[in-house]
Protein chains: 2
Amino acid sequence: MAALLLVAHGSRREASNDEVRVLTESLRQSADGQFEFIDCAFLELADPLIPEGVNRCVAARATQVVVLPYFLSAGRHVSKDIPEIIDVARRQHPGVNIHIAPYLGLSADIIPALIKMANK
Amino acid sequence: MAALLLVAHGSRREASNDEVRVLTESLRQSADGQFEFIDCAFLELADPLIPEGVNRCVAARATQVVVLPYFLSAGRHVSKDIPEIIDVARRQHPGVNIHIAPYLGLSADIIPALIKMANK
């Protein structure tokens, strides 16, 4: 069973964290059954943190977890912090295949999305 | 003449700023002549800062500047810092119409972009 874990930075401003939670609900409605479990987690400052997010996927019987970094650039968080946290999670869940997808900023779809927003 | 100014946070890590500059070049190639001048600027930590970015648009003879926040959530930067900086720029360039577009995180196109990335 495949799970998707959207990973955002997390903010002291709870409204920003709630934006991620609303987005996660939209993902659930749009993912077309491709992932049987979809949740979000945060690098810091908000709950659940990434290890707990992975735990939730595993508790939902996921055998494959795709970690999707909701970040625009490949700073230290994307290149170092998230991979290190996921390495620990892999050791804690040896029977689960945990894969880190490319971060959002690498998506070619960002360009047309920006052009559309520029017209609003 | 309409100009587009992509506004990112700016990073101490120059590679992250360069990602924004590369994206800006992609926007130039994709905007189909809708904006005659396209550039980027940063809220902090990188050059040009937003006021200088607006100055460049005006120097390129823009009469309309669309400021496009390259941000995923509506934190203080999007809700307060950028509007305050743009208010000052408006007073400095009274003949120029400066409009702040919605930030990227509000784009409905984020959802399919994320689902695509989850499969990579």
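Above: the structure in question.
Residues numbered from 1 in each chain as written. Chains lettered and ligands numbered in written order. Predicted model: local features only at pLDDT ≥ 70, side-chain atom pairs only at ≥ 80, totals over all residues. Heavy atoms only, no water.

Quick notes on the interface of chain A and chain B
Right, so step 1: Chain A puts 39 residues into the contact, and the matching count from chain B is 40 residues.
Right, so step 2: Taking both partners together, chain A and chain B bury about 3,400 Å²; carbon and sulfur atoms supply 68% of that area.
Right, so step 3: When residues of chain A are sorted by the area they lose upon contact with chain B, A:Leu72, A:Leu114 and A:Met117 head the list and together hold 19% of the total.
Right, so step 4: Summed over the shared surface of chain A and chain B, the number is two salt bridges. (Contact = heavy atoms within 4.5 Å. Buried area = accessible area lost by both parts, 1.4 Å probe. Salt bridge = Lys/Arg side-chain N within 4 Å of Asp/Glu carboxyl O.)

A few points about the sheet that holds strand S4 (residues 97–100) of chain B
Residues and elements named next belong to chain B.
Right, so step 1: Sheet architecture is open: four strands sit in the order S2-S1-S3-S4, paired in parallel fashion. Looking at the sheet topology across the chains shown, the edges are occupied by strand S2 (37–42) and S4. The average angle at which neighbouring strand axes cross in this sheet is 20 degrees, direction not considered.
Right, so step 2: Note that strand S3 (residues 64–69) and S4 share four bridges and pair parallel. The partner of valine 65 across the bridge, within S4, is isoleucine 98. (Pairing = 2+ DSSP bridges. Helix = DSSP H or I, 4+ residues; strand = E, 2+ residues; numbered from the N terminus. Axes fitted to C-alpha atoms, helices over the stretch in contact; angles between N-to-C directions.)

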